[in-house]
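Chains, contacts and geometry: an overview
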Amino acid sequence: MNDLTSAAPGAITLTGLSRRFVVDSGEVVDAVAGVDLDIRPGEFFTLLGPSGSGKTTILRCVAGLERPDGGEVRIGGRLLAGPGTFVPPQDRAIGMVFQSYAIWPHLSVFDNVAFPLRELPRKRRPSATEIERRVAEALDVVGLSVQSQRSATRLSGGQQQRVAIARAIVGRPEVLLLDEPLSNLDAVLRAGMRLELRRLTKELGITALYVTHDQTEALEMSDRIAVVDHGRVLQCGPPVEIYRAPANVFVAEFVGTANRLDGEVVEPAAAGAVAVVRTAIGPVRVVARQELGAGERIHVVVRPESLHPVSGDGGDGANHVEGAVTAVSFAGAHTHVRVDCAGVELRAEVHRHDDLSVGDRVWFRFGPEMCAAVPDTGAAAVGTRTASELSSTPTGG
Ligand SMILES: Nc1ncnc2c1ncn2[C@@H]1O[C@H](COP(=O)(O)OP(=O)(O)OP(=O)(O)O)[C@@H](O)[C@H]1O
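As a starting point, this report considers the structure included with it. (Residues numbered from 1 in each chain as written. Predicted model: local features only at pLDDT ≥ 70, side-chain atom pairs only at ≥ 80, totals over all residues. Heavy atoms only, no water.)

Attention now moves to the overall build of the chain. Each helix and strand in the chain was counted, giving ten helices and 22 strands. Restricting to contacts in the chain with at least 6 residues of sequence separation, those with at least 24 account for 65%. Summing over all exposed atoms, the chain offers an accessible surface of approximately 18200 Å²; the carbon and sulfur share of this is 50%. (Helix = DSSP H or I, 4+ residues; strand = E, 2+ residues; numbered from the N terminus. Contact = heavy atoms within 4.5 Å. Areas by Shrake-Rupley, 256 points an atom, 1.4 Å probe, with all protein chains shown as cover.)

Right, here's the structure in full:
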(Lines give C-alpha, C1' and ligand atoms only; values in the text may rest on other atoms or scores of the structure.)
Protein backbone atom coordinates (compact mmCIF):
# COMPACT_ATOMS: atom_id res chain seq x y z
CA MET A 1 0.00 0.00 0.00
CA ASN A 2 1.45 3.40 -0.86
CA ASP A 3 1.65 6.32 1.59
CA LEU A 4 -1.46 7.97 0.12
CA THR A 5 -3.60 4.86 0.54
CA SER A 6 -2.39 4.18 4.08
CA ALA A 7 -3.31 7.78 5.04
CA ALA A 8 -6.81 7.53 3.52
CA PRO A 9 -9.75 7.27 5.95
CA GLY A 10 -10.40 3.63 6.87
CA ALA A 11 -6.90 2.32 6.12
CA ILE A 12 -5.54 0.22 8.99
CA THR A 13 -1.78 -0.15 9.28
CA LEU A 14 -0.16 -2.48 11.78
CA THR A 15 3.62 -2.37 12.01
CA GLY A 16 5.59 -4.83 14.14
CA LEU A 17 2.59 -5.22 16.43
CA SER A 18 3.25 -7.34 19.50
CA ARG A 19 1.39 -8.14 22.68
CA ARG A 20 2.41 -10.69 25.28
CA PHE A 21 0.76 -12.01 28.40
CA VAL A 22 2.28 -13.61 31.46
CA VAL A 23 -0.04 -16.44 32.48
CA ASP A 24 -0.44 -17.96 35.96
CA SER A 25 2.34 -20.55 35.46
CA GLY A 26 4.79 -17.70 34.79
CA GLU A 27 4.94 -18.66 31.14
CA VAL A 28 5.00 -15.79 28.65
CA VAL A 29 2.57 -16.11 25.76
CA ASP A 30 3.42 -14.10 22.65
CA ALA A 31 -0.23 -13.61 21.70
CA VAL A 32 0.79 -11.24 18.88
CA ALA A 33 4.38 -11.64 17.77
CA GLY A 34 5.35 -8.93 15.28
CA VAL A 35 2.40 -8.48 12.93
CA ASP A 36 2.65 -6.22 9.86
CA LEU A 37 -0.58 -5.62 7.96
CA ASP A 38 -1.77 -2.98 5.51
CA ILE A 39 -5.55 -3.06 5.27
CA ARG A 40 -7.00 -0.92 2.50
CA PRO A 41 -9.85 1.55 2.87
CA GLY A 42 -13.19 -0.19 2.25
CA GLU A 43 -11.64 -3.63 2.29
CA PHE A 44 -13.33 -6.64 3.93
CA PHE A 45 -10.31 -8.14 5.64
CA THR A 46 -10.37 -11.32 7.71
CA LEU A 47 -8.05 -12.66 10.39
CA LEU A 48 -8.43 -16.42 10.17
CA GLY A 49 -6.81 -18.87 12.55
CA PRO A 50 -7.40 -21.56 15.14
CA SER A 51 -8.43 -20.87 18.72
CA GLY A 52 -5.67 -19.10 20.65
CA SER A 53 -3.78 -17.97 17.53
CA GLY A 54 -3.97 -14.28 18.49
CA LYS A 55 -6.78 -13.00 16.23
CA THR A 56 -8.83 -11.39 19.00
CA THR A 57 -5.75 -9.80 20.55
CA ILE A 58 -4.85 -8.16 17.21
CA LEU A 59 -8.43 -6.87 16.92
CA ARG A 60 -8.39 -5.59 20.51
CA CYS A 61 -5.13 -3.74 19.82
CA VAL A 62 -6.81 -1.99 16.87
CA ALA A 63 -9.83 -1.20 19.08
CA GLY A 64 -7.68 0.19 21.88
CA LEU A 65 -8.95 -2.43 24.33
CA GLU A 66 -5.41 -3.79 24.55
CA ARG A 67 -2.16 -1.85 24.78
CA PRO A 68 0.51 -3.29 22.46
CA ASP A 69 3.94 -4.09 23.94
CA GLY A 70 5.58 -3.13 20.68
CA GLY A 71 4.88 -1.79 17.23
CA GLU A 72 2.30 0.65 15.95
CA VAL A 73 -1.40 0.84 15.13
CA ARG A 74 -2.62 3.46 12.69
CA ILE A 75 -6.05 4.17 11.23
CA GLY A 76 -6.18 6.53 8.27
CA GLY A 77 -2.52 7.32 8.88
CA ARG A 78 -3.20 8.57 12.43
CA LEU A 79 -1.00 6.99 15.09
CA LEU A 80 -3.28 5.39 17.70
CA ALA A 81 -0.78 3.22 19.54
CA GLY A 82 2.99 3.29 19.44
CA PRO A 83 5.93 4.39 21.52
CA GLY A 84 4.59 7.13 23.82
CA THR A 85 1.14 7.19 22.20
CA PHE A 86 -2.09 5.50 23.21
CA VAL A 87 -5.46 6.77 22.02
CA PRO A 88 -8.37 5.31 24.07
CA PRO A 89 -11.11 3.33 22.28
CA GLN A 90 -13.73 6.10 22.42
CA ASP A 91 -11.41 8.43 20.51
CA ARG A 92 -10.76 5.96 17.68
CA ALA A 93 -13.06 6.00 14.66
CA ILE A 94 -14.21 2.42 15.16
CA GLY A 95 -17.37 0.41 15.68
CA MET A 96 -17.31 -3.05 17.23
CA VAL A 97 -19.51 -6.12 16.99
CA PHE A 98 -18.90 -9.11 19.24
CA GLN A 99 -19.99 -12.73 19.29
CA SER A 100 -22.22 -12.01 22.28
CA TYR A 101 -24.42 -9.24 20.92
CA ALA A 102 -24.04 -7.25 24.14
CA ILE A 103 -27.32 -5.43 23.67
CA TRP A 104 -29.25 -3.94 26.58
CA PRO A 105 -32.27 -6.12 27.41
CA HIS A 106 -34.22 -3.33 29.13
CA LEU A 107 -33.99 -0.95 26.15
CA SER A 108 -35.91 -0.83 22.90
CA VAL A 109 -34.20 -1.45 19.57
CA PHE A 110 -34.12 2.31 18.97
CA ASP A 111 -32.60 3.11 22.37
CA ASN A 112 -29.98 0.38 22.00
CA VAL A 113 -28.80 1.86 18.72
CA ALA A 114 -28.97 5.43 20.04
CA PHE A 115 -26.93 4.48 23.12
CA PRO A 116 -23.40 5.22 21.84
CA LEU A 117 -24.46 8.64 20.50
CA ARG A 118 -26.21 9.61 23.76
CA GLU A 119 -23.11 8.55 25.72
CA LEU A 120 -20.82 10.93 23.81
CA PRO A 121 -19.43 13.89 25.74
CA ARG A 122 -21.80 16.85 25.48
CA LYS A 123 -19.55 18.71 23.03
CA ARG A 124 -19.57 15.85 20.52
CA ARG A 125 -23.13 14.66 21.14
CA PRO A 126 -25.51 15.26 18.20
CA SER A 127 -28.88 16.94 18.85
CA ALA A 128 -31.90 14.75 19.68
CA THR A 129 -33.26 15.26 16.16
CA GLU A 130 -29.93 14.33 14.62
CA ILE A 131 -29.71 11.21 16.84
CA GLU A 132 -33.19 10.23 15.69
CA ARG A 133 -32.19 10.66 12.06
CA ARG A 134 -28.98 8.69 12.38
CA VAL A 135 -30.60 5.82 14.30
CA ALA A 136 -33.38 5.61 11.69
CA GLU A 137 -30.72 5.50 8.98
CA ALA A 138 -28.74 2.74 10.75
CA LEU A 139 -31.90 0.68 11.37
CA ASP A 140 -32.83 1.08 7.73
CA VAL A 141 -29.43 -0.23 6.65
CA VAL A 142 -29.86 -3.41 8.72
CA GLY A 143 -33.55 -3.77 7.81
CA LEU A 144 -34.98 -3.23 11.30
CA SER A 145 -36.93 0.03 10.87
CA VAL A 146 -40.25 -1.67 11.61
CA GLN A 147 -38.96 -3.16 14.88
CA SER A 148 -37.62 0.18 16.13
CA GLN A 149 -39.82 0.42 19.24
CA ARG A 150 -39.78 -3.26 20.08
CA SER A 151 -37.98 -4.52 23.17
CA ALA A 152 -34.57 -5.77 22.03
CA THR A 153 -34.92 -9.10 23.83
CA ARG A 154 -38.07 -9.95 21.88
CA LEU A 155 -36.06 -10.24 18.68
CA SER A 156 -34.59 -13.39 17.15
CA GLY A 157 -30.82 -14.06 17.41
CA GLY A 158 -30.28 -12.78 13.88
CA GLN A 159 -32.26 -9.60 14.57
CA GLN A 160 -30.36 -9.00 17.81
CA GLN A 161 -27.11 -9.30 15.88
CA ARG A 162 -28.43 -6.68 13.45
CA VAL A 163 -29.17 -4.35 16.35
CA ALA A 164 -25.54 -4.81 17.40
CA ILE A 165 -24.40 -3.97 13.87
CA ALA A 166 -26.66 -0.90 13.68
CA ARG A 167 -25.26 0.27 17.02
CA ALA A 168 -21.71 -0.22 15.74
CA ILE A 169 -22.27 1.84 12.58
CA VAL A 170 -24.46 4.62 14.01
CA GLY A 171 -21.40 6.70 14.94
CA ARG A 172 -20.25 6.47 11.29
CA PRO A 173 -16.91 4.86 12.08
CA GLU A 174 -14.15 4.53 9.50
CA VAL A 175 -13.60 0.96 10.58
CA LEU A 176 -15.88 -1.85 11.74
CA LEU A 177 -14.26 -4.50 13.93
CA LEU A 178 -16.13 -7.80 14.07
CA ASP A 179 -15.14 -10.64 16.41
CA GLU A 180 -16.85 -13.92 15.44
CA PRO A 181 -20.16 -12.05 15.11
CA LEU A 182 -22.05 -14.95 13.53
CA SER A 183 -20.99 -17.82 15.80
CA ASN A 184 -24.16 -17.77 17.89
CA LEU A 185 -26.50 -18.03 14.92
CA ASP A 186 -27.83 -21.28 13.48
CA ALA A 187 -26.26 -22.61 10.27
CA VAL A 188 -28.92 -21.33 7.84
CA LEU A 189 -29.05 -17.84 9.33
CA ARG A 190 -25.26 -17.69 9.51
CA ALA A 191 -24.93 -18.47 5.79
CA GLY A 192 -27.43 -15.69 4.94
CA MET A 193 -25.82 -13.17 7.28
CA ARG A 194 -22.38 -13.69 5.71
CA LEU A 195 -23.45 -12.20 2.42
CA GLU A 196 -25.59 -9.56 4.08
CA LEU A 197 -22.78 -8.37 6.29
CA ARG A 198 -20.41 -8.08 3.37
CA ARG A 199 -23.01 -6.24 1.27
CA LEU A 200 -23.71 -3.86 4.13
CA THR A 201 -20.05 -2.92 4.71
CA LYS A 202 -19.56 -2.44 0.97
CA GLU A 203 -22.65 -0.23 0.74
CA LEU A 204 -21.39 1.89 3.62
CA GLY A 205 -17.88 1.95 2.15
CA ILE A 206 -16.59 0.99 5.58
CA THR A 207 -13.40 -1.03 6.23
CA ALA A 208 -14.23 -4.31 7.96
CA LEU A 209 -11.72 -6.21 10.07
CA TYR A 210 -13.31 -9.56 10.73
CA VAL A 211 -12.13 -12.31 13.09
CA THR A 212 -13.14 -15.93 12.57
CA HIS A 213 -11.86 -19.49 12.88
CA ASP A 214 -14.36 -20.58 10.20
CA GLN A 215 -12.63 -21.01 6.86
CA THR A 216 -15.88 -21.05 4.86
CA GLU A 217 -16.84 -17.70 6.32
CA ALA A 218 -13.40 -16.29 5.56
CA LEU A 219 -13.34 -17.59 1.99
CA GLU A 220 -16.85 -16.37 1.19
CA MET A 221 -16.77 -12.93 2.76
CA SER A 222 -13.28 -11.54 2.41
CA ASP A 223 -11.42 -9.43 -0.08
CA ARG A 224 -8.27 -10.65 1.62
CA ILE A 225 -7.48 -13.07 4.41
CA ALA A 226 -4.55 -13.16 6.82
CA VAL A 227 -4.02 -16.66 8.18
CA VAL A 228 -2.74 -16.32 11.74
CA ASP A 229 -1.07 -18.85 14.01
CA HIS A 230 0.96 -18.39 17.18
CA GLY A 231 0.59 -14.63 16.91
CA ARG A 232 2.10 -14.43 13.44
CA VAL A 233 0.68 -13.92 9.97
CA LEU A 234 1.55 -17.03 7.95
CA GLN A 235 0.01 -15.83 4.69
CA CYS A 236 -1.98 -12.84 3.52
CA GLY A 237 -3.83 -12.69 0.23
CA PRO A 238 -7.14 -13.01 -1.63
CA PRO A 239 -9.20 -16.13 -0.77
CA VAL A 240 -8.44 -17.88 -4.08
CA GLU A 241 -4.70 -17.44 -3.58
CA ILE A 242 -4.81 -18.70 0.02
CA TYR A 243 -6.80 -21.75 -1.09
CA ARG A 244 -4.97 -22.60 -4.31
CA ALA A 245 -1.43 -21.54 -3.43
CA PRO A 246 -1.01 -22.04 0.32
CA ALA A 247 2.31 -20.76 1.63
CA ASN A 248 2.87 -23.73 3.90
CA VAL A 249 1.32 -26.94 5.13
CA PHE A 250 -0.45 -25.29 8.05
CA VAL A 251 -2.32 -22.93 5.72
CA ALA A 252 -3.05 -25.75 3.25
CA GLU A 253 -4.58 -27.93 5.94
CA PHE A 254 -6.34 -25.19 7.91
CA VAL A 255 -8.03 -23.62 4.90
CA GLY A 256 -10.01 -26.42 3.27
CA THR A 257 -9.23 -30.10 2.99
CA ALA A 258 -5.87 -31.02 1.54
CA ASN A 259 -4.29 -34.19 0.18
CA ARG A 260 -0.63 -33.83 1.06
CA LEU A 261 2.02 -35.81 -0.76
CA ASP A 262 5.56 -35.46 0.58
CA GLY A 263 8.18 -35.70 -2.12
CA GLU A 264 11.40 -34.69 -3.82
CA VAL A 265 11.78 -32.76 -7.06
CA VAL A 266 13.29 -35.09 -9.68
CA GLU A 267 12.73 -32.90 -12.74
CA PRO A 268 13.30 -29.22 -11.86
CA ALA A 269 11.31 -26.40 -13.43
CA ALA A 270 11.33 -22.63 -13.67
CA ALA A 271 8.27 -20.70 -12.46
CA GLY A 272 5.29 -21.51 -14.69
CA ALA A 273 6.79 -24.75 -16.06
CA VAL A 274 5.99 -28.33 -15.05
CA ALA A 275 8.22 -30.06 -12.51
CA VAL A 276 8.13 -33.74 -11.61
CA VAL A 277 8.06 -34.71 -7.94
CA ARG A 278 8.74 -38.24 -6.67
CA THR A 279 6.07 -39.18 -4.10
CA ALA A 280 4.77 -42.35 -2.43
CA ILE A 281 2.05 -42.64 -5.11
CA GLY A 282 4.58 -42.29 -7.97
CA PRO A 283 5.84 -39.28 -9.96
CA VAL A 284 3.52 -36.28 -9.77
CA ARG A 285 3.61 -33.43 -12.28
CA VAL A 286 3.23 -29.99 -10.74
CA VAL A 287 3.07 -26.50 -12.25
CA ALA A 288 5.80 -24.61 -10.38
CA ARG A 289 4.67 -21.25 -8.97
CA GLN A 290 8.28 -20.47 -8.28
CA GLU A 291 11.47 -22.20 -9.37
CA LEU A 292 11.72 -25.79 -8.10
CA GLY A 293 15.27 -27.12 -7.92
CA ALA A 294 16.38 -30.74 -8.36
CA GLY A 295 16.49 -32.60 -5.05
CA GLU A 296 14.32 -30.00 -3.27
CA ARG A 297 11.99 -31.56 -0.70
CA ILE A 298 8.44 -30.24 -1.01
CA HIS A 299 4.85 -31.14 -0.23
CA VAL A 300 2.41 -31.43 -3.11
CA VAL A 301 -1.06 -30.25 -2.06
CA VAL A 302 -4.08 -31.39 -4.08
CA ARG A 303 -7.62 -30.40 -3.11
CA PRO A 304 -10.22 -33.25 -3.07
CA GLU A 305 -12.37 -31.61 -5.75
CA SER A 306 -9.38 -31.63 -8.14
CA LEU A 307 -9.39 -35.45 -8.28
CA HIS A 308 -11.70 -36.61 -11.08
CA PRO A 309 -12.70 -40.25 -11.56
CA VAL A 310 -11.72 -41.49 -15.04
CA SER A 311 -11.71 -44.81 -16.85
CA GLY A 312 -7.92 -45.20 -16.90
CA ASP A 313 -4.59 -43.47 -17.45
CA GLY A 314 -5.45 -41.07 -20.24
CA GLY A 315 -1.81 -40.45 -21.23
CA ASP A 316 -2.65 -36.76 -21.60
CA GLY A 317 0.15 -35.29 -19.50
CA ALA A 318 -2.01 -35.00 -16.38
CA ASN A 319 -1.48 -37.10 -13.26
CA HIS A 320 -3.34 -40.39 -13.03
CA VAL A 321 -3.50 -42.61 -10.00
CA GLU A 322 -5.25 -45.89 -9.33
CA GLY A 323 -6.51 -47.03 -5.96
CA ALA A 324 -9.12 -48.93 -3.97
CA VAL A 325 -12.13 -47.12 -2.53
CA THR A 326 -12.10 -47.43 1.28
CA ALA A 327 -15.05 -45.16 2.17
CA VAL A 328 -17.93 -43.40 0.41
CA SER A 329 -20.15 -40.84 2.11
CA PHE A 330 -22.94 -38.93 0.44
CA ALA A 331 -22.95 -35.20 1.28
CA GLY A 332 -25.73 -33.83 -0.94
CA ALA A 333 -24.17 -31.85 -3.77
CA HIS A 334 -21.15 -34.15 -3.83
CA THR A 335 -19.84 -37.39 -2.37
CA HIS A 336 -16.72 -37.80 -0.23
CA VAL A 337 -14.59 -40.72 -1.31
CA ARG A 338 -11.47 -42.11 0.33
CA VAL A 339 -9.10 -44.08 -1.83
CA ASP A 340 -6.08 -46.13 -0.87
CA CYS A 341 -3.33 -45.52 -3.42
CA ALA A 342 -0.19 -47.56 -2.74
CA GLY A 343 -0.73 -47.18 1.01
CA VAL A 344 -1.49 -43.44 0.83
CA GLU A 345 -5.05 -42.37 1.58
CA LEU A 346 -6.36 -39.75 -0.84
CA ARG A 347 -9.62 -37.87 -0.40
CA ALA A 348 -11.75 -37.01 -3.40
CA GLU A 349 -14.99 -35.13 -3.84
CA VAL A 350 -16.99 -36.52 -6.72
CA HIS A 351 -20.40 -35.92 -8.25
CA ARG A 352 -21.13 -39.53 -9.19
CA HIS A 353 -22.35 -40.97 -5.93
CA ASP A 354 -24.24 -43.99 -7.11
CA ASP A 355 -21.57 -45.94 -8.96
CA LEU A 356 -18.72 -46.00 -6.43
CA SER A 357 -18.61 -48.59 -3.67
CA VAL A 358 -16.10 -49.62 -1.06
CA GLY A 359 -13.64 -52.10 -2.59
CA ASP A 360 -13.96 -50.75 -6.18
CA ARG A 361 -10.73 -50.04 -7.99
CA VAL A 362 -10.82 -46.57 -9.56
CA TRP A 363 -8.59 -44.24 -11.53
CA PHE A 364 -8.40 -40.56 -10.68
CA ARG A 365 -6.99 -37.80 -12.82
CA PHE A 366 -5.62 -34.52 -11.48
CA GLY A 367 -3.99 -31.80 -13.54
CA PRO A 368 -0.50 -30.41 -12.76
CA GLU A 369 -2.08 -26.93 -12.55
CA MET A 370 -4.26 -28.13 -9.67
CA CYS A 371 -1.22 -29.19 -7.62
CA ALA A 372 0.45 -26.68 -5.30
CA ALA A 373 4.10 -27.17 -4.42
CA VAL A 374 4.46 -26.15 -0.79
CA PRO A 375 7.89 -25.70 0.80
CA ASP A 376 8.91 -28.24 3.42
CA THR A 377 9.27 -25.70 6.22
CA GLY A 378 6.41 -26.42 8.62
CA ALA A 379 4.37 -23.82 10.49
CA ALA A 380 5.54 -21.06 12.81
CA ALA A 381 7.28 -22.14 16.00
CA VAL A 382 5.23 -22.14 19.17
CA GLY A 383 5.46 -18.64 20.61
CA THR A 384 5.85 -19.30 24.31
CA ARG A 385 8.72 -18.53 26.65
CA THR A 386 9.08 -18.25 30.38
CA ALA A 387 9.24 -14.88 32.11
CA SER A 388 12.91 -15.38 33.00
CA GLU A 389 13.81 -16.23 29.37
CA LEU A 390 11.99 -13.09 28.30
CA SER A 391 13.99 -10.84 30.61
CA SER A 392 17.19 -11.85 28.76
CA THR A 393 15.61 -11.45 25.31
CA PRO A 394 15.33 -8.17 23.44
CA THR A 395 11.67 -7.13 23.15
CA GLY A 396 9.92 -6.62 19.84
CA GLY A 397 8.98 -3.01 20.27
N1 LIG B 1 -5.83 -11.28 29.04
C2 LIG B 1 -5.08 -12.36 28.78
N3 LIG B 1 -4.28 -12.90 29.72
C4 LIG B 1 -3.50 -13.97 29.47
N5 LIG B 1 -3.44 -14.58 28.27
C6 LIG B 1 -4.22 -14.11 27.29
C7 LIG B 1 -5.08 -12.97 27.49
N8 LIG B 1 -5.72 -12.71 26.32
C9 LIG B 1 -5.29 -13.65 25.44
N10 LIG B 1 -4.39 -14.48 26.01
C11 LIG B 1 -3.68 -15.59 25.35
O12 LIG B 1 -3.15 -15.11 24.14
C13 LIG B 1 -3.27 -16.08 23.11
C14 LIG B 1 -4.07 -15.51 21.97
O15 LIG B 1 -5.42 -15.32 22.40
P16 LIG B 1 -6.55 -14.72 21.45
O17 LIG B 1 -7.80 -14.64 22.24
O18 LIG B 1 -6.04 -13.48 20.82
O19 LIG B 1 -6.67 -15.84 20.35
P20 LIG B 1 -7.83 -16.10 19.29
O21 LIG B 1 -7.15 -16.57 18.07
O22 LIG B 1 -8.70 -14.93 19.18
O23 LIG B 1 -8.60 -17.30 19.97
P24 LIG B 1 -10.21 -17.59 20.04
O25 LIG B 1 -10.64 -17.88 18.65
O26 LIG B 1 -10.27 -18.80 20.93
O27 LIG B 1 -10.82 -16.38 20.65
C28 LIG B 1 -3.89 -17.30 23.77
O29 LIG B 1 -2.87 -18.17 24.18
C30 LIG B 1 -4.61 -16.72 24.97
O31 LIG B 1 -4.72 -17.66 25.99
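Let us now look at helix 3 (residues 109–118). For helix 3, the full list of buried residues reads Val109, Phe110, Asn112, Val113, Ala114 and Leu117. Tucked into the core, helix 3 has its buried residues touching helix 4 (128–141) and helix 5 (157–169). (Buried < 20%, exposed > 50% of the residue type's maximum accessible area, 1.4 Å probe, protein only.)

Among the structural elements, Met221 can be located in helix 7 (residues 215–221). Overall, the relative accessible area of 1% leaves Met221 in the buried class. Taking the C-alpha atoms as reference points, Met221 and Arg198, 23 residues apart in sequence, are found 6.1 Å from one another. Sequence-distant contacts of Met221, that is, excluding residues within four places in its chain, are made with Phe44, Arg194, Leu197, Arg198 and Tyr210.

The ligand sits among 13 residues. The nearest are Ser51, Gly52, Lys55, Thr56 and Thr57. Thr56 is positioned such that a nitrogen or oxygen atom in its side chain is 2.7 Å from an oxygen atom of the ligand. Its free accessible area being 630 Å², the ligand has 61% of it covered by the protein chains. Sorting the residues of the shell around the ligand by element identifies strand 2 (27–39) and helix 2 (55–63) as the ones contributing at least two each. Looking at the shell around the ligand, its residues break down into five nonpolar, six polar and two charged. (Near = heavy atom within 4 Å. Polar contact = N/O pair within 3.5 Å; in protein donor to acceptor, adjacent residues only side chain to side chain. Nonpolar A, V, L, I, M, F, W, Y, C, P; charged D, E, K, R; others polar.)

For Lys55, the position within the fold is in helix 2. One buried charged residue, Lys55, forms no salt bridge at all, with the nearest opposite charge on Glu180 at 4.5 Å. Engagement of the side chain of Lys55 in a polar contact is seen with the backbone oxygen of Gly49, the distance being 2.9 Å. Excluding anything up to four places from it in sequence, Lys55 contacts Leu47, Leu48, Gly49, Pro50, Glu180, Val211, Thr212 and His213. (Lys, Arg positive; Asp, Glu negative; His and termini not counted. Salt bridge = Lys/Arg side-chain N within 4 Å of Asp/Glu carboxyl O.)

By themselves, these are just geometric observations and shouldn't be taken as functional.
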